[in-house]
Amino acid sequence: MTKELTIEDILKAKKLIEERKKEVFFSETFGAQIKVEEISPQKIVQLINSASEDEPLRGDYELIYECCPIFRSKALKDEFEDIKDPIMIVEKAFGGNIFEIDNLAKFILSRYGYNKDLEPIKKQ
């Protein structure tokens, strides 16, 4: 028999969620922590749904770009002035380290409850 959800259960889960959102990602590439900002769940779904089979890594780049303010900084854009598409700064900054890019994207998505491989979210 399963127990009925209580207010205490909700408050306990809320506390765990808030603590999880304070976690930072440690980058092996940079030997430093990368700050991850919270964005709306709607934006997360939009990014997941916009992933293309033609450019499978593009979704990860966009997610990281949106959630990690360091990659949106003007100073970094100035240093990568040859890059026309600012989202590609993520790839260049990591030197194409797909493994770490993937780990950072998964870290971000885990904050929103995604813990498995993603498929586009269908509207109900």
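All values derive from a computational prediction rather than experimental measurement.

**Q** Would you take a moment to explain the overall build of the protein for this structure?
**A** Looking only at helices and strands, one finds six helices and two strands in the protein. Going from N to C terminus, the protein has its helices and strands arranged as α-β-β-α-α-α-α-α. With respect to the three principal axes, the spread of C-alpha positions in the protein is 60 × 35 × 25 Å. When burial is assessed residue by residue, the protein has 27% of its 124 residues classed as buried. Taking all contacts inside the protein whose residues are at least 6 apart in sequence as the whole, residues at least 24 apart take part in 65%. Entry remark: accessible area of the protein is about 9100 Å², with carbon and sulfur atoms responsible for 54%. Charge-centre separation for the protein: the mean point of 20 positive side chains lies 5 Å from the mean point of 25 negative side chains.

**Q** Sorry if this is basic, but what is going on with the packing of aromatic side chains here?
**A** Geometrically, a pair of aromatic rings is defined through the distance of the ring centres and the angle of the planes. For the coordinates displayed, the defined rule picks out three aromatic pairs. Their ring planes at 55 degrees and their centres at 5.0 Å tell us that Phe30 and Phe94 sit as a pair that is tilted. With Phe30 in the loop between β1 (25–27) and β2 (32–34) and Phe94 in the loop between α5 (89–93) and α6 (98–110), this pair connects stretches of sequence that are 64 residues apart. The rings of Phe30, Phe71 and Phe94 are connected pair by pair, giving a single aromatic cluster.

**Q** Before we go on, may I ask you to explain the confidence of the model for the protein in this structure?
**A** Predicted coordinates in regions of low pLDDT should not be interpreted in detail. Residues at a pLDDT of 70 or more form 93% of the protein, whose mean pLDDT is 88. Mean pLDDT values for the elements of the protein range from 87 in helix α1 (residues 7–20) up to 97 in β2. Note on residues 118–124: pLDDT is under 50 here. Beyond four places in sequence and across chains, it has nine contacts.

**Q** Help me out: how do you make sense of the side chain of Glu62 in this one?
**A** Mapped onto the secondary structure, Glu62 falls in helix α3 (residues 58–67). A distance of 2.9 Å separates polar atoms of two side chains, one belonging to Glu62 and the other to Arg58. If we ignore the near neighbours within four places in the chain, the residues touching Glu62 are Leu47, Ser50 and Ile87.

**Q** How do you make sense of the side chain of Ser110 when you look at a structure like this?
**A** Relative to the helices and strands, Ser110 resides in helix α6. By relative accessible area, Ser110 is classed as buried at 11%. The residues touching Ser110, leaving out its near neighbours within four places in the chain, are Arg20 and Asn115.

**Q** Honestly, the packing of α3 against α6 in this entry has me stumped. Any pointers?
**A** The axes of two packed helices give the description: the angle between them and the distance between them. It is at 9 Å that the axes of α3 and α6 come closest, and there the two elements cross at 60 degrees. Classified by the angle their axes make, α3 and α6 are oblique. Remark: the crossing between α3 and α6 carries left-handed chirality. Counting all contacts with α3, which are made through Asp60, Tyr61, Leu63, Ile64 and Cys67, the residues of α6 involved are Ile101, Asp102, Leu104, Ala105, Ile108 and Leu109.

**Q** Looking at this structure, how should I read the nonpolar core?
**A** Within soluble globular proteins, side chains that are nonpolar tend to cluster in buried spots. Judged by nonpolar contacts, the single largest core of 26 residues is most densely connected at Leu63, Ile64, Cys68, Phe71, Leu104 and Ile108. Elements with a minimum of two residues in this core: α2 (41–49), α3, α5 and α6. In terms of residue count, the dominant contributor to this core is α6 (six residues). Among all residues touching Phe71, those that are not within four sequence positions of it are Phe30, Ile34, Ile64, Tyr65, Leu76, Ile89, Val90, Ala93 and Phe94.

Calculation criteria
Residues numbered from 1 in each chain as written. Predicted model: local features only at pLDDT ≥ 70, side-chain atom pairs only at ≥ 80, totals over all residues. Heavy atoms only, no water. Helix = DSSP H or I, 4+ residues; strand = E, 2+ residues; numbered from the N terminus. Buried < 20%, exposed > 50% of the residue type's maximum accessible area, 1.4 Å probe, protein only. Contact = heavy atoms within 4.5 Å. Areas by Shrake-Rupley, 256 points an atom, 1.4 Å probe, with all protein chains shown as cover. Lys, Arg positive; Asp, Glu negative; His and termini not counted. Charge placed at Lys NZ, Arg CZ, Asp CG, Glu CD. Phe/Tyr/Trp six-rings, centres within 6.5 Å; stacked < 30°, edge-to-face > 60°. pLDDT = per-residue confidence, 0-100. Polar contact = N/O pair within 3.5 Å; in protein donor to acceptor, adjacent residues only side chain to side chain. Axes fitted to C-alpha atoms, helices over the stretch in contact; angles between N-to-C directions. Parallel < 35°, antiparallel > 145°, perpendicular 65-115°, else oblique. Left-handed = near helix turned anticlockwise from the far one by under 90°. Core = buried A, V, L, I, M, F, W, Y, C linked by side-chain atoms within 4.5 Å.

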